[in-house]
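Residue-level listing of the chains:
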Amino acid sequence: MISENLIQDLNIELTEVKNKNDLMNVKSKFLGKKGPIVKLTSELKSLTIEEKKIRGTEINRIKSQIELLINKKLNEIENEEINKKLNSDRIDITLPGKASSFGSVHPLTQILDEIIDIFEGYGFQTVEGPEIETNFYNFEALNIPKDHPARDMQDTFYLEDDVLLRTHTSPMQIRIMENNQPPIKIISPGKVYRCDSDVTHTPMFHQVEGLLVDKDISFANLKSILNNFCHDFFQKDINIRFRPSYFPFTEPSAELDIEWENKNGEKKWMEVLGCGLVNPKVFDFVNYDAKNYSGFAFGMGIERLAMIKLGITDIRYFYQNDIKFLKQF
Ligand code: DAH
C-alpha cells in the first residue's frame, strides 16, 4: 500500500535528520502543499462516496502517524540540545574557592582606643569637637596673642580670615568650660592640622586633649595622672621626664619626654605631650573664678606615642596605606 511505503520512506529520511532545520525540510516534504498527503487528498474527488470514506479515513490515519513521528523526532532533537548545554555549562565544584581576606583596625585607631580606655578608667569623660574652628577658640581664648608664631600662616591652614583648621585639640578646653561648671574631667581626641611634613610631622595628625578643673588641683595631680598613664600605656618600665616649657594657656608649663631606642640601639628622648596648670587668664575667658578653682591640661601626640610603642621610625608609614605595613598590627 502507498501509505505503508510513505511511513517507511519517512523513517529512512528521519534517520538522516541532524537538527531542527533538517526536520522542518522533511516535514514540508511529507505534509507540505506539494507533498504526498495533499496529493492523495486531492485525488479523492474522483472516487465514489463509499470509496471516499475508506480512503479518507486511511489518509487521515497516515497523516497523524507522520505528525506523530515528526513530533517524536523534534522532542529528541530538543532533548539532545538541552543535554549538550547542561554538559558544557557544568559547574566544577572541585575547584578551590576564593578566600576572602579580613580587614583590621588601623594601628593609630588601636592606639587611640587604648588611650581612651585608660583615661576612661581614671574617670575622664570623652568628648569630641569640630575640626573647623574660629580664631577665638583656637587662639584667642587660649591666651595666644595676635603676634604669636603659632598663628603664622606657615603653620595654620586658614579657610577664611577668622576660620581655620584647628592646629590642636586645646580649643575643646574652652568649648567645654564655657558650657559647664567645675568639676570638669574630660579628654578630647581628634584630628589636628598644621603645614608641616617630615619624618616626625604630617600635615594632619591626632591629639588627645585632657582637662581637669576642680578645687585645689596642683602640678602633683598632673604628674601623678601622667605617670600612671605612661605605666598603663606602655605596660613596662619606661623612663620619662618633665621638662619646663612654655604654653600661653598654661602656667607653669612642661613637656613630657619618653625614652626610646632607635634602630641602632641608641637611647633617645621623644617629646610626646605638652601640659601645665590652666592659666588664670584662660579662666577669665570662660568666667571661671580662678580664686576658687584650679586645673591642669595636657595635649598628647598620638602618632608619637604609637611610634614609640610599635617601634615605627617614620610617621608617614601611618598614612601610606601600605598593606604590608598595616598587616603587622
Ligand atoms: N596644644 C599644644 C600643642 O598642640 C599642646 C598642649 C600643651 C596642650 C599644653 C595642653 C597643654 O593642654 O596644657 O602644641
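Not measured: the values here are computed from a predicted model.

Glancing now at the packing of aromatic side chains. Within the structure shown, the criterion is met by 16 aromatic pairs. Here F119 and Y122 contribute two aromatic rings whose centre-to-centre distance is 5.7 Å and whose plane-to-plane angle is 85°, an arrangement assigned as edge-to-face. Each member of the pair, F119 as well as Y122, carries the same accessibility label: buried. Seen from their ring centres, F119 and F229 are 5.0 Å apart, and the 20° between their planes marks the pair as stacked. A residue pair is termed long-range when its members are at least 10 positions apart, and F119 in helix 5 (residues 107-121) and F229 in helix 8 (residues 219-234) qualify at 110 residues. What makes F119 buried here is its relative accessible area of 0%. An aromatic cluster is present here, built from F119, Y122, F124, F229, F233, F234, F296 and F298 joined pairwise through their rings. Over the face of the ring belonging to Y137 we find R175, whose NZ or CZ atom lies 4.0 Å from the ring centre. K309 extends its terminal NZ or CZ atom over the ring of F233, reaching a point 4.4 Å from the ring centre.

Turning next to a negative patch on the surface. The grouping of E140, E160, D161 and D162 at the surface amounts to a negative patch. You can see D162 is positioned in the loop between helix 6 (135-138) and strand 3 (163-165). Judged by its relative accessible area of 42%, D162 is partly exposed.

Ordered by their spatial adjacency, seven strands build an open sheet running 1-4-5-9-8-7-6, and the pairing between neighbours is mixed. Of all strands in the sheet, those bounded by a partner on one side alone are strand 1 (125-126) and strand 6 (240-247). Note: strand 8 (residues 267-278) against strand 9 (residues 294-301), five bridges, orientation antiparallel. Paired with C275 across the two strands is F298, which belongs to strand 9. Together, strand 4 (184-193), strand 5 (204-214) and strand 9 form the strand contacts of helix 7 (residues 171-179), whose direction differs from that of strand 5 by roughly 40°.

Moving on: the domain arrangement of the protein. Taken domain by domain, the protein holds domain 1 (2-88) and domain 2 (107-326). For domain 1 and domain 2, the distance between their C-alpha centroids amounts to 95 Å.

The next subject is the layout of surface pockets. Considering only enclosed or pocket space, the largest pocket measures out at about 840 Å³ in volume. R194, F205, Q207, F247 and E271 are, among the 38 residues lining the largest pocket, the residues nearest its centre. Of all the elements in the fold, those that place two or more residues in the lining of the largest pocket are strand 5, strand 6, strand 7 (250-261), strand 8, strand 9 and helix 10 (302-310). Looking at which element gives the most residues to the lining of the largest pocket, the answer is strand 8, with six residues. When the residues that make up the lining of the largest pocket are grouped by side-chain class, the tally is 16 nonpolar, 14 polar and eight charged.

Turning our eyes to something else, we now look at the site of the ligand. Taken together, 15 residues surround the ligand, and among them H168, S170, R194, Q207 and E209 come closest. At a separation of 2.9 Å, a nitrogen atom of the ligand approaches a polar side-chain atom of S170. Here the ligand has 350 Å² of accessible area as a free molecule, and 91% of this is covered by the chains. With respect to the detected pockets, the ligand is housed in the largest pocket. Listing elements by their share of the shell around the ligand, those giving two or more residues are strand 5, strand 8 and strand 9.

This part is about the nonpolar core. Among the nonpolar cores identified, the biggest contains 42 residues, and I115, F119, F229, F296, F298, M300 and L305 are the most heavily contacted of them. Those residues in contact with I115, other than ones at most four positions away along the chain, are V208, F229, F233, M300, I302 and L305. Of all hydrophobic cores here, the second largest spans 23 residues; its members include I144, V286, Y288 and A297.

Attention now moves to the pattern of salt bridges. Enumeration according to the criterion identifies twelve salt bridges in this entry. Between R316 and D314 there is a salt bridge, with its nearest N and O atoms 3.1 Å apart. Looking at D314, the relative accessible area reads 17%, which means it is buried. Linked through salt bridges whose partners overlap, the residues forming this network are R241, R243, E255 and D257.

Attention now goes to the packing of helix 5 against helix 10. Helices that pack against each other are described as a pair by the angle of their axes relative to one another and the distance between those axes. Running from amino to carboxyl end, helix 5 crosses helix 10 at an angle of 100°, the nearest separation of the two axes being 10 Å. Taken together, helix 5 and helix 10 sit at an angle that is classed as roughly perpendicular. Along the contact surface, helix 5 presents P107, L108, I111, L112, E114 and I115, while helix 10 presents I302, E303, L305, A306, K309 and L310. Per-class residue counts for the contact of helix 5 with helix 10 are nine nonpolar, no polar and three charged.

About the thresholds
- Residues numbered from 1 in each chain as written.
- Predicted model: local features only at pLDDT ≥ 70, side-chain atom pairs only at ≥ 80, totals over all residues.
- Heavy atoms only, no water.
- Phe/Tyr/Trp six-rings, centres within 6.5 Å; stacked < 30°, edge-to-face > 60°.
- Buried < 20%, exposed > 50% of the residue type's maximum accessible area, 1.4 Å probe, protein only.
- Helix = DSSP H or I, 4+ residues; strand = E, 2+ residues; numbered from the N terminus.
- Lys NZ or Arg CZ within 6 Å of the ring centre and 35° of its normal.
- Patch = residues over 30% accessible without salt bridge, like charges linked within 9 Å, V, L, I, M, F, W, Y side chains within 5 Å.
- Areas by Shrake-Rupley, 256 points an atom, 1.4 Å probe, with all protein chains shown as cover.
- Salt bridge = Lys/Arg side-chain N within 4 Å of Asp/Glu carboxyl O.
- Lys, Arg positive; Asp, Glu negative; His and termini not counted.
- Charge placed at Lys NZ, Arg CZ, Asp CG, Glu CD.
- Pairing = 2+ DSSP bridges.
- Contact = heavy atoms within 4.5 Å.
- Axes fitted to C-alpha atoms, helices over the stretch in contact; angles between N-to-C directions.
- Domains from an automatic or database assignment.
- 1 Å grid on protein atoms, 1.4 Å probe; cavity = no way out; pocket = protein on both sides within 12 Å on 5 of 7 lines; lining within 4 Å.
- Points joined across faces, edges and corners; volume = space filled by probe spheres on them.
- Nonpolar A, V, L, I, M, F, W, Y, C, P; charged D, E, K, R; others polar.
- Near = heavy atom within 4 Å.
- Polar contact = N/O pair within 3.5 Å; in protein donor to acceptor, adjacent residues only side chain to side chain.
- Sits in = over half its atoms within 2 Å of the grid points.
- Core = buried A, V, L, I, M, F, W, Y, C linked by side-chain atoms within 4.5 Å.
- Parallel < 35°, antiparallel > 145°, perpendicular 65-115°, else oblique.

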